[in-house]
2 protein chains.
Amino acid sequence: MTLIATALTQHFEQALPLQSGSVLPSYSLSYETYGSLNADRSNAVLICHALNASHHVAGIYLNQDGTPQPRSEGWWDNMIGPGKPVDTDRFFVIGVNNLGSCFGSSGPTHTNPATGEAWGADFPVVTVEDWVNAQARLLDVLGIRQLAAVMGGSLGGMQTLSWTLQFPDRVRHAVVVASAPNLTAENIAFNEVARRAIVTDPDFHGGHYLRHGTVPKRGLRIARMIGHITYLSDDVMNDKFGRQLRPLVNDVKQAARADDQPALARLAYQYTTQGVEFEIESYLRHQGDKFSEYFDANTYLLITRALDYFDPARAHGGDLARALAPAKASFLLVSFTTDWRFSPARSREMVRALLKNRRDVSYAEIDAPHGHDAFLLEDPRYLSAVRAYFDHRVGATSAGGQTS
Amino acid sequence: MTLIATALTQHFEQALPLQSGSVLPSYSLSYETYGSLNADRSNAVLICHALNASHHVAGIYLNQDGTPQPRSEGWWDNMIGPGKPVDTDRFFVIGVNNLGSCFGSSGPTHTNPATGEAWGADFPVVTVEDWVNAQARLLDVLGIRQLAAVMGGSLGGMQTLSWTLQFPDRVRHAVVVASAPNLTAENIAFNEVARRAIVTDPDFHGGHYLRHGTVPKRGLRIARMIGHITYLSDDVMNDKFGRQLRPLVNDVKQAARADDQPALARLAYQYTTQGVEFEIESYLRHQGDKFSEYFDANTYLLITRALDYFDPARAHGGDLARALAPAKASFLLVSFTTDWRFSPARSREMVRALLKNRRDVSYAEIDAPHGHDAFLLEDPRYLSAVRAYFDHRVGATSAGGQTS
């Protein structure tokens, strides 16, 4: 059965106080839901998204004529849907777009009510904690007092962890995938280079590029290329691209067929500093180009900063166990062996801190070659671990959850 | 005893054929020498440099009035000098600047004799093999038929390896530090992002920025920031910077003394997407700014491309053992455990390939926290390993080498 998704919008007139001290006067959240909320409203699962994703978590969109929109699957469609690990025949799943995004919820490309112009760089800095507060208000509107589970990968995992601290009584289970209790200096460093590439692009205009009719595409391309390198493992890049040359594949084949050795030698390297020589270069340029066409530069700055700032242990002198003491949820944590951006060591830190608090913790360390990206991919052991947790743990405590 | 260095220049009128098929019509090499060549010219050690270094390997420069120039130590001054691991009381050490550099040898900022203008982007693409050929001609001029040793780290290690293949009879010992037999896809990817940042800087003008009176500083800054992140280990970045905040250290101290909790909370995060928040950001920006003041953008492109292209196994269907068969030298290889840019695994590949050829190989894997940068730093075990090799192996076969 194909899951059909429909984007919804909830407007909030009540101002949202932010961690920075600023206040967002009014705002909208885009969201989607899949499956049905049961009678006692106990089977809701909230999905939190990472850097460049959105509320469109699962299913596909239809065109106005009812035909499926091609390539419109949600970003976690392999995980969430009818009969999938997070089974929408059983759970009521909510995807919500975060504040500051460029995919629907209030963000820098929207109008600042105070000026009548686009917010641009004036959109207030938002944090993981702010996002969770905004998500909680959406649940209030939906009449959901307590979530069966919150779940997210990477930055989404940080929101999941923060849910258990900000609203311990509203979360029964927390599924934290490929995440960390804060960023390392190296993580912050990669974010900072990406931000500098954007901010120093002459088309950025201090973040008010919309007023100037420009888009800092050069910076966005560089930011995306850096991101892609750090999402993949060295191994998978070698498997996928290695030192394979990009150009003239047909010419090379032709020369090989003709056993034309001098031609082969000539075709091998082009000796260019500005052109494309290796497949990996072509791939990265393509990813950068695509990204620069649809992603908002100010959103990129805001979301990477939310990553940088997240650090629940900070208010406790760096003691993560003390920071996690308020959590009451049961936890499943998942990490991937080749993820060097959010390494298994970071997940183990959270496991240890939770165990110190005698919390109920399951932990799966998946031996996967794909680096950080693994959390979005089709890995049978990973999907089985999440399925088992939802079947036997989340489902068991989701009183009255519908069974398919 | 302080070693005094003097930069020398050797001009070559004889054209240099390059691997790309281009020819460099005439060229100059900047170089320095330390110590004395012995009577039978058997104690010469050639040092090959990496990305942003030069012929100024050891010693200090004097001002015209004979006073020492402050902070003018050569880039490997902890390794090379009187009584140091590569002892200039015993060996005649040569540092040479590579073609395409911006530190003296012919490069993109020099005049193209064919046009009378700066070469800029028209300077031909040079490879590790081309550099070695040029270095060999310098040795011819200096009257050195055979080197006691060639030594280099990183890209310098690639030149060292290439020496043993291009001129097997001219090298008795090869010391290859923190290097690799080729770049991985991830290495190439980081180089490519840095190049794209430079090439897409509007001040780059297709590489002819000198004619336009501009310098692509934005791109150079980004390139350098990326480089710095990859030269350091995650651990050392956490030790050195961690999540430490940059701004207002004195304000924070004052608030702490006054036990002004609200002020402390306020001072902690500034909530800025464009400003500096963490120490690591400040460090990277500073490194980027410094680099953009002195380094030539076309040189950056050329040198990173030389790294990308180096791959002696390529002509042998990827079989490194076959590629290294011509080598006759004895080898010392050194790697550092936390170097993720040129990891120990890459050095072990070379060790295995050399052993397959029954070459004489010593290998030291140094447990050092500093990442790739370790090869330039003061690590007692590292320096001892090199000292022992030069004392007992290079010195032993350097017939007639002077002893101090």
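Criteria and thresholds
- Residues numbered from 1 in each chain as written.
- Chains lettered and ligands numbered in written order.
- Predicted model: local features only at pLDDT ≥ 70, side-chain atom pairs only at ≥ 80, totals over all residues.
- Heavy atoms only, no water.
- Contact = heavy atoms within 4.5 Å.
- Buried area = accessible area lost by both parts, 1.4 Å probe.
- Salt bridge = Lys/Arg side-chain N within 4 Å of Asp/Glu carboxyl O.
- Polar contact = N/O pair within 3.5 Å; in protein donor to acceptor, adjacent residues only side chain to side chain.
- Helix = DSSP H or I, 4+ residues; strand = E, 2+ residues; numbered from the N terminus.
- Nonpolar A, V, L, I, M, F, W, Y, C, P; charged D, E, K, R; others polar.
- Least-squares fit on C-alpha atoms with pLDDT ≥ 70 in both.
- Pairing = 2+ DSSP bridges.
- Axes fitted to C-alpha atoms, helices over the stretch in contact; angles between N-to-C directions.
- Buried < 20%, exposed > 50% of the residue type's maximum accessible area, 1.4 Å probe, protein only.
- Disulfide = S-S within 2.5 Å.
- pLDDT = per-residue confidence, 0-100.
- Phe/Tyr/Trp six-rings, centres within 6.5 Å; stacked < 30°, edge-to-face > 60°.
- Lys NZ or Arg CZ within 6 Å of the ring centre and 35° of its normal.

(A) The interface of chain B and chain A, seen in detail. Every contact between the two is made by 61 residues of chain B and, on the other side, 60 residues of chain A. Both sides together, the interface formed by chain B and chain A hides about 5100 Å², and carbon and sulfur atoms give 62% of it. It is Arg243(B), Tyr271(B) and Thr273(B) that lose the most area in chain B upon contact with chain A, and together they represent 15% of the buried surface on that side. Put simply, chain B and chain A have eight salt bridges between them. Salt-bridge contacts for Asp311(B) lead to Arg243(A); the nearest nitrogen and oxygen are separated by 3.1 Å. Applying the counting rule to chain B against chain A returns 32 residue pairs in polar contact (both at pLDDT 80 or more). Within the residue set of the side of chain B that touches chain A, elements represented by two or more residues are helix 3 (185–199), helix 4 (217–231), helix 5 (234–240), helix 8 (279–294) and helix 9 (297–309) of chain B. For the side of chain B that touches chain A, the element with the highest residue contribution is helix 3 of chain B, accounting for eleven residues. When its residues are assigned to classes, the side of chain B that touches chain A shows 31 nonpolar, 16 polar and 14 charged.

(B) Inspection of the relation of the copies chain B and chain A at higher detail. Superposition of chain B onto chain A requires a rotation of 180° combined with a translation of 0.0 Å along the rotation axis, giving an RMSD of 0.0 Å. Viewed as a symmetry operation, the transformation between the two copies matches a two-fold axis. With an isologous cut-off of 70% or more, the 98% of interface residues of chain B that recur at the interface of chain A puts this contact in the isologous class.

(C) Structural context of the sheet that holds strand 11 (residues 330–336) of chain B. Residue and element names in this part refer to chain B. Strand order across the open sheet formed by eight strands is 1-4-8-5-9-10-11-12, with mixed pairing between neighbours. Since the sheet does not close on itself, it has two edges, and those belong to strand 1 (8–12) and strand 12 (361–366), each with one partner. Taking the axes of each pair of neighbouring strands and ignoring which way they run, one obtains an average angle of 20° across the sheet. With four bridges joining them, strand 4 (residues 27–34) and strand 8 (residues 92–96) adopt antiparallel strand pairing. Residue glutamate 32 lies in a different strand from strand 8, and its bridge partner there is glycine 95.

(D) Structural context of the side chain of Glu279(A). All names here are of chain A. Within the secondary structure, glutamate 279 is located in helix 8 (residues 279–294). Residue glutamate 279 is classed as buried on the basis of its relative accessible area of 16%. Discounting chain neighbours no more than four positions away, the residues touching glutamate 279 are Phe241, Gln244, Leu245 and Arg246.

(E) Representation of the state of the cysteines. Residue and element names in this part refer to chain A. Per the counting criterion, the structure on display carries zero disulfides over all chains. Not part of a disulfide, cysteine 102 finds its nearest cysteine sulfur in cysteine 48, a span of 18 Å. Residue classification places cysteine 102 among the buried residues on the basis of a relative accessible area of 18%.

(F) Quick look at the pairing of strand 9 (residues 147–153) of chain A. Residue and element names in this part refer to chain A. Within strand 9, seven of the seven residues are buried, which leaves the element mostly enclosed by the surrounding structure. Bridge analysis of strand 9 against strand 10 (residues 171–177) gives six bridges, and the strand direction is parallel. From the neighbouring strand, valine 150 faces strand 10, where its bridge partner is alanine 174.

(G) Expanded view of the confidence of the model for chain A. All names here are of chain A. Confidence along chain A averages 93 in pLDDT terms, with 93% of residues attaining 70 or more. The model gives residues 399–404 a pLDDT under 50, and that stretch makes twelve contacts with residues more than four places away or in other chains. The ipTM value of the predicted complex is 0.93, and its pTM value is 0.94.

(H) Up close: the pairing of strand 8 of chain B. Residues and elements named next belong to chain B. Taken across its five residues, strand 8 has five buried, putting it largely inside the fold. The side-chain alternation of strand 8 yields two buried faces, one formed by Phe92, Ile94 and Val96 and the other by Val93 and Gly95. Pairing of strand 5 (residues 44–48) with strand 8, which is carried by four bridges, proceeds in the parallel orientation. Directly across from valine 45, in strand 8, lies its bridge partner valine 93.

(I) Structural detail: the packing of aromatic side chains. All told, the structure shown has 46 aromatic pairs over all chains when counted by the stated rule. Centre to centre, the rings of Trp76(B) and Phe375(B) are 6.1 Å apart; their planes meet at 85°, and the pair counts as edge-to-face. Here Trp76(B), found in the loop between strand 5 and strand 6 (80–81), pairs with Phe375(B), found in the loop between strand 12 and helix 12 (380–397); they are 299 residues apart in sequence, far enough to count as distant. When its relative accessible area of 0% is taken as the criterion, Trp76(B) is described as buried. Grouping aromatic residues by their ring pairs yields a cluster made of Phe103(A), Phe291(A), Tyr294(A), Phe295(A) and Tyr300(A). Here Arg170(A) stacks its cationic end above the ring of Phe167(A), 5.9 Å away from the centre of that ring.

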